[in-house]
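Each chain, written out:
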Amino acid sequence: MNSTYTPTASSKTRAIVINALFIALTFVATMFINIRLPIMGNGGLIHLGNVPLFIAALVYGKKTGAIAGAFGMGLFDVVSGWAIWSPFTFVIVGTMGFLVGLIAEKATGNRVLASTLAIVVALIVKIVGYYFAEVILYGNWIQPFGSVPGNFLQVAVAGIIVVPLVGRIKKRAGQL
(Lines give C-alpha, C1' and ligand atoms only; values in the text may rest on other atoms or scores of the structure.)
Protein backbone atom coordinates (compact mmCIF):
# COMPACT_ATOMS: atom_id res chain seq x y z
CA MET A 1 0.00 0.00 0.00
CA ASN A 2 1.36 3.39 -0.96
CA SER A 3 0.72 5.82 1.87
CA THR A 4 2.68 8.69 0.36
CA TYR A 5 0.77 11.93 -0.12
CA THR A 6 0.35 12.88 -3.73
CA PRO A 7 -1.36 16.03 -4.94
CA THR A 8 -2.98 14.07 -7.78
CA ALA A 9 -4.64 11.61 -5.40
CA SER A 10 -5.78 14.49 -3.23
CA SER A 11 -7.31 16.38 -6.16
CA LYS A 12 -9.08 13.22 -7.38
CA THR A 13 -10.49 12.66 -3.92
CA ARG A 14 -11.58 16.30 -3.73
CA ALA A 15 -13.32 16.02 -7.12
CA ILE A 16 -15.15 12.85 -6.04
CA VAL A 17 -16.27 14.50 -2.80
CA ILE A 18 -17.46 17.68 -4.57
CA ASN A 19 -19.33 15.66 -7.22
CA ALA A 20 -20.97 13.48 -4.55
CA LEU A 21 -21.90 16.54 -2.50
CA PHE A 22 -23.58 18.25 -5.44
CA ILE A 23 -25.38 15.06 -6.50
CA ALA A 24 -26.78 14.86 -2.96
CA LEU A 25 -27.66 18.56 -2.77
CA THR A 26 -29.40 18.45 -6.16
CA PHE A 27 -31.32 15.32 -5.17
CA VAL A 28 -32.40 16.73 -1.77
CA ALA A 29 -33.41 20.13 -3.18
CA THR A 30 -35.44 18.41 -5.90
CA MET A 31 -37.01 15.89 -3.52
CA PHE A 32 -37.94 18.09 -0.60
CA ILE A 33 -38.35 21.63 -1.95
CA ASN A 34 -40.98 21.20 -4.64
CA ILE A 35 -44.53 22.00 -5.71
CA ARG A 36 -46.52 20.02 -8.27
CA LEU A 37 -48.43 22.30 -10.63
CA PRO A 38 -52.04 21.26 -11.23
CA ILE A 39 -52.20 22.34 -14.88
CA MET A 40 -52.80 20.71 -18.25
CA GLY A 41 -50.88 17.60 -19.14
CA ASN A 42 -48.03 16.62 -16.90
CA GLY A 43 -48.19 20.10 -15.43
CA GLY A 44 -44.66 20.09 -14.25
CA LEU A 45 -42.92 19.98 -10.94
CA ILE A 46 -41.42 23.18 -9.60
CA HIS A 47 -38.39 22.48 -7.42
CA LEU A 48 -35.17 24.09 -6.29
CA GLY A 49 -32.90 21.29 -7.53
CA ASN A 50 -31.57 23.62 -10.20
CA VAL A 51 -30.00 25.85 -7.53
CA PRO A 52 -27.25 23.41 -6.46
CA LEU A 53 -26.97 22.21 -10.07
CA PHE A 54 -26.21 25.72 -11.33
CA ILE A 55 -23.85 26.43 -8.42
CA ALA A 56 -21.96 23.21 -9.20
CA ALA A 57 -21.67 24.10 -12.88
CA LEU A 58 -20.79 27.77 -12.44
CA VAL A 59 -18.26 27.22 -9.65
CA TYR A 60 -16.73 23.83 -10.46
CA GLY A 61 -17.28 23.55 -14.21
CA LYS A 62 -18.96 21.48 -16.87
CA LYS A 63 -18.06 18.02 -15.57
CA THR A 64 -19.36 18.63 -12.05
CA GLY A 65 -22.44 20.40 -13.44
CA ALA A 66 -23.24 17.49 -15.75
CA ILE A 67 -22.70 14.89 -13.02
CA ALA A 68 -24.76 16.78 -10.41
CA GLY A 69 -27.65 17.32 -12.80
CA ALA A 70 -27.74 13.91 -14.44
CA PHE A 71 -27.32 11.82 -11.31
CA GLY A 72 -29.00 14.11 -8.75
CA MET A 73 -32.22 14.70 -10.65
CA GLY A 74 -32.12 11.30 -12.37
CA LEU A 75 -31.98 9.64 -8.95
CA PHE A 76 -34.92 11.78 -7.81
CA ASP A 77 -36.98 10.50 -10.74
CA VAL A 78 -36.12 6.87 -9.93
CA VAL A 79 -37.04 7.02 -6.23
CA SER A 80 -40.04 9.34 -6.39
CA GLY A 81 -42.40 7.60 -8.76
CA TRP A 82 -41.26 9.41 -11.90
CA ALA A 83 -38.97 6.58 -13.07
CA ILE A 84 -40.21 6.75 -16.67
CA TRP A 85 -38.70 10.26 -16.81
CA SER A 86 -35.29 9.22 -15.50
CA PRO A 87 -33.52 8.57 -18.84
CA PHE A 88 -34.81 11.87 -20.22
CA THR A 89 -33.85 13.74 -17.06
CA PHE A 90 -30.40 12.16 -17.07
CA VAL A 91 -29.73 13.47 -20.58
CA ILE A 92 -31.58 16.81 -20.42
CA VAL A 93 -30.41 17.97 -17.00
CA GLY A 94 -26.93 16.53 -17.52
CA THR A 95 -26.74 18.60 -20.73
CA MET A 96 -27.97 21.66 -18.85
CA GLY A 97 -25.23 21.27 -16.23
CA PHE A 98 -22.58 20.65 -18.87
CA LEU A 99 -23.51 23.70 -20.95
CA VAL A 100 -23.78 26.03 -17.94
CA GLY A 101 -20.35 24.87 -16.79
CA LEU A 102 -18.89 25.15 -20.30
CA ILE A 103 -20.12 28.73 -20.70
CA ALA A 104 -18.77 29.61 -17.24
CA GLU A 105 -15.37 28.09 -18.08
CA LYS A 106 -15.07 29.83 -21.46
CA ALA A 107 -16.45 33.22 -20.41
CA THR A 108 -14.17 36.19 -20.08
CA GLY A 109 -15.18 39.58 -18.84
CA ASN A 110 -18.49 40.19 -17.11
CA ARG A 111 -19.20 37.08 -15.00
CA VAL A 112 -22.77 38.12 -14.16
CA LEU A 113 -23.61 38.43 -17.85
CA ALA A 114 -21.92 35.09 -18.60
CA SER A 115 -23.78 33.36 -15.75
CA THR A 116 -27.07 34.85 -16.92
CA LEU A 117 -26.40 33.68 -20.49
CA ALA A 118 -25.58 30.21 -19.17
CA ILE A 119 -28.88 30.07 -17.25
CA VAL A 120 -30.79 31.18 -20.37
CA VAL A 121 -29.13 28.38 -22.36
CA ALA A 122 -30.12 25.91 -19.60
CA LEU A 123 -33.68 27.24 -19.76
CA ILE A 124 -33.86 26.61 -23.51
CA VAL A 125 -32.42 23.11 -23.12
CA LYS A 126 -34.91 22.28 -20.35
CA ILE A 127 -37.99 23.59 -22.18
CA VAL A 128 -37.10 22.02 -25.53
CA GLY A 129 -35.81 18.78 -23.99
CA TYR A 130 -38.82 18.13 -21.78
CA TYR A 131 -41.22 19.20 -24.53
CA PHE A 132 -39.87 16.46 -26.81
CA ALA A 133 -39.67 13.98 -23.91
CA GLU A 134 -43.39 14.51 -23.34
CA VAL A 135 -44.10 14.18 -27.05
CA ILE A 136 -42.33 10.81 -26.96
CA LEU A 137 -44.05 9.66 -23.75
CA TYR A 138 -47.56 10.92 -24.50
CA GLY A 139 -47.62 10.87 -28.31
CA ASN A 140 -49.16 14.33 -28.40
CA TRP A 141 -47.70 17.57 -29.76
CA ILE A 142 -50.08 19.91 -27.90
CA GLN A 143 -50.22 18.52 -24.36
CA PRO A 144 -46.52 19.18 -23.58
CA PHE A 145 -47.09 22.93 -23.81
CA GLY A 146 -48.74 22.64 -20.39
CA SER A 147 -45.34 21.94 -18.79
CA VAL A 148 -43.56 24.94 -20.30
CA PRO A 149 -44.62 27.48 -17.62
CA GLY A 150 -43.44 25.22 -14.79
CA ASN A 151 -40.11 24.51 -16.48
CA PHE A 152 -39.63 28.20 -17.19
CA LEU A 153 -40.46 29.19 -13.62
CA GLN A 154 -38.18 26.64 -11.99
CA VAL A 155 -35.11 27.65 -14.04
CA ALA A 156 -35.86 31.38 -13.76
CA VAL A 157 -36.21 31.19 -9.96
CA ALA A 158 -32.98 29.19 -9.70
CA GLY A 159 -31.21 31.76 -11.87
CA ILE A 160 -32.48 34.63 -9.74
CA ILE A 161 -31.12 32.88 -6.64
CA VAL A 162 -27.80 31.67 -8.08
CA VAL A 163 -26.47 34.49 -10.29
CA PRO A 164 -26.04 37.03 -7.45
CA LEU A 165 -24.44 34.43 -5.17
CA VAL A 166 -22.06 32.61 -7.50
CA GLY A 167 -19.28 35.22 -7.41
CA ARG A 168 -19.02 35.02 -3.63
CA ILE A 169 -19.24 31.24 -3.66
CA LYS A 170 -16.45 31.05 -6.25
CA LYS A 171 -14.18 33.19 -4.07
CA ARG A 172 -14.83 30.92 -1.07
CA ALA A 173 -14.37 27.75 -3.14
CA GLY A 174 -11.00 29.03 -4.33
CA GLN A 175 -9.90 29.46 -0.70
CA LEU A 176 -10.57 25.82 0.16
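Shown above is the structure to which this text applies.
All values reported here derive from a predicted model rather than from experimental measurement.

Asks: How should I be thinking about the nonpolar core in this particular structure?
Replies: Nonpolar side chains in soluble globular proteins tend to end up buried together. Counting 37 residues, the largest nonpolar core has F54, L58, M96, V100 and V162 as its most contacted members. Elements supplying a minimum of two residues to this core: helix 1 (7–32), helix 2 (50–60), helix 3 (62–79), helix 4 (86–106), helix 5 (111–138) and helix 6 (148–175). Apart from residues lying up to four places away in sequence, V162 is in contact with V51, F54, I55 and L58.

Asks: Any chance you could explain the packing of helix 2 against helix 5 here in plain terms?
Replies: Pairs of packed helices are described in terms of their axes, by the angle between the two and the distance that separates them. Between helix 2 and helix 5, the least distance of the axes is 12 Å, while the angle of their chain directions is 130°. Looking at the two axes, helix 2 sits oblique to helix 5. Where helix 2 crosses over helix 5, the handedness of that crossing is right-handed. In contact with N50, F54 and L58 of helix 2, helix 5 contributes S115, A118, I119, A122 and K126. Class assignment for the residues of the contact of helix 2 with helix 5 results in five nonpolar, two polar and one charged.

Analysis parameters
- Each chain has its residues counted from 1, running along the sequence as written.
- Totals for whole chains, interfaces and linings use every residue, but because this is a predicted model, local features are given only for residues with pLDDT of at least 70 and side-chain atom pairs only at 80 or more, for both listing and counting.
- Excluding hydrogens and water, the side-chain values take into account all heavy atoms of the structure.
- Put simply, buried Ala, Val, Leu, Ile, Met, Phe, Trp, Tyr and Cys residues joined by side-chain atoms within 4.5 Å make one nonpolar core.
- Buried, partly exposed and exposed residues are distinguished by accessible area as a fraction of the type maximum, computed with a 1.4 Å probe on protein chains only: under 20%, between the cut-offs, and over 50%, respectively.
- A run of H or I in DSSP counts as a helix once it spans at least four residues, and a run of E counts as a strand once it spans at least two, with each numbered from the N terminus.
- Whether two residues are in contact is decided by their heavy atoms, any of which lying within 4.5 Å being enough.
- In this analysis, axes come from line fits to C-alpha atoms, helices being fitted only over the stretch in contact, and the angle between any two N-to-C directions falls in the range 0 to 180 degrees.
- Oblique is the label for any angle not covered by the other classes, which are roughly parallel (under 35 degrees), roughly antiparallel (over 145) and roughly perpendicular (65 to 115).
- Helix crossings are classified by the rotation of the near helix relative to the far one: an anticlockwise turn of less than a right angle makes the crossing left-handed, while a clockwise turn makes it right-handed.
- Charged means Asp, Glu, Lys or Arg here, nonpolar means Ala, Val, Leu, Ile, Met, Phe, Trp, Tyr, Cys or Pro, and polar covers whatever is left, Gly included.

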